[in-house]
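Chain by chain, the residues run as shown.
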Amino acid sequence: MNLQHVVNFPFPTPPDRQSLARSEKLLTYLSALSPTGQITQTGSTMSIFPLSPRFARILLVGHLHDCLPYTIALVAGLSAPDFFIPENQVVPAAPVREEDAYFTNA
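Residues numbered from 1 in each chain as written. Predicted model: local features only at pLDDT ≥ 70, side-chain atom pairs only at ≥ 80, totals over all residues. Heavy atoms only, no water.

**Digging into the overall build of the protein**
Check the secondary structure of the protein and you find 4 helices and 0 strands. Counted over contacts in the protein with a minimum sequence separation of 6, partners at least 24 positions apart contribute 19%. Total accessible area on the protein stands at roughly 9100 Å², and carbon and sulfur atoms take up 61% of it. (Helix = DSSP H or I, 4+ residues; strand = E, 2+ residues; numbered from the N terminus. Contact = heavy atoms within 4.5 Å. Areas by Shrake-Rupley, 256 points an atom, 1.4 Å probe, with all protein chains shown as cover.)

**As for the confidence of the model for the protein**
For the protein, mean pLDDT is 84; residues scoring 70 or higher make up 82% of the total. Within the protein, the lowest mean pLDDT, 90, falls on helix H1 (residues 17-29), and the highest, 96, falls on helix H3 (residues 53-64). (pLDDT = per-residue confidence, 0-100.)

**Regarding the packing of H3 against helix H4 (residues 68-79)**
Contact geometry of H3 with H4 gives a least axis separation of 8 Å together with a crossing angle of 165°. The orientation of H3 relative to H4 falls into the category roughly antiparallel. Where H3 crosses over H4, the two elements pack in a sense that is right-handed. Across the interface between the two elements, Phe55, Ile58, Leu59, Gly62 and His63 of H3 pack against Leu68, Thr71, Ile72, Leu74, Val75, Leu78 and Ser79 of H4. (Axes fitted to C-alpha atoms, helices over the stretch in contact; angles between N-to-C directions. Parallel < 35°, antiparallel > 145°, perpendicular 65-115°, else oblique. Left-handed = near helix turned anticlockwise from the far one by under 90°.)

**Some thoughts on the nonpolar core**
Counting residues in hydrophobic clusters, the biggest one holds 5 residues: Leu30, Ala32, Met46, Ala56 and Leu60. Excluding residues within four positions of it along the chain, alanine 32 makes contact with Leu27, Gln38, Ile39, Thr40, Gly43 and Met46. (Core = buried A, V, L, I, M, F, W, Y, C linked by side-chain atoms within 4.5 Å. Buried < 20%, exposed > 50% of the residue type's maximum accessible area, 1.4 Å probe, protein only.)

**Observations regarding H1**
For H1, built from 13 residues, the straight-helix expectation of 18 Å at 1.5 Å per residue is met to within 8% by its first-to-last C-alpha distance of 18 Å. Of the residues flanking the end of H1, it is serine 31, one or two places downstream, whose phi is positive at about 65°. (Expected span 1.5 Å × (residues − 1).)

**As for the side chain of serine 34**
Position of serine 34 relative to the elements: it lies in the loop between H1 and helix H2 (41-46). Of note is the side chain of serine 34, whose polar atom sits 2.9 Å from the side chain of threonine 36. (Polar contact = N/O pair within 3.5 Å; in protein donor to acceptor, adjacent residues only side chain to side chain.)

**A closer look at unusual backbone geometry**
Of note, the phi angle at serine 31 is positive, near 65°, even though the residue is not glycine. Relative to the elements of secondary structure, serine 31 occurs in the loop between H1 and H2. Backbone geometry places aspartate 66, a non-glycine residue, at a positive phi of 55°. When you line up the elements, aspartate 66 lands in the loop between H3 and H4.

**Side note on the environment of serine 47**
Checked against the element boundaries, serine 47 lands in the loop between H2 and H3. Taking the relative accessible area as the measure of exposure, serine 47 reaches 53% and is therefore exposed. Note: C-alpha distance between serine 47 and alanine 32 (15 residues apart in sequence) is 8.8 Å. Here the side chain of serine 47 touches serine 44 through a polar contact of 2.6 Å, landing on its backbone oxygen.

Have a look at this one:
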């Protein structure tokens, strides 16, 4: 389509223009887009990863500095949702019964 800026893309339901401008600014900051709005080689490589642009860039920098295994572990930990259950969502424990309640006197 050869668009200069994402803001000009004909979305069926367009997102907020400010959100698009912030996203484009972030991608430029991460070197995924050139200042003219064209995708860079870094951006093309980042698009291969099924991650957010920030995490994809972290992986590329880790590869550049030869510490990719550590970087993968870092990104995996950061991209996982919170695995601790908040205290207000914990299932209450079953009430404690007396030992005799489990046996019948038959």
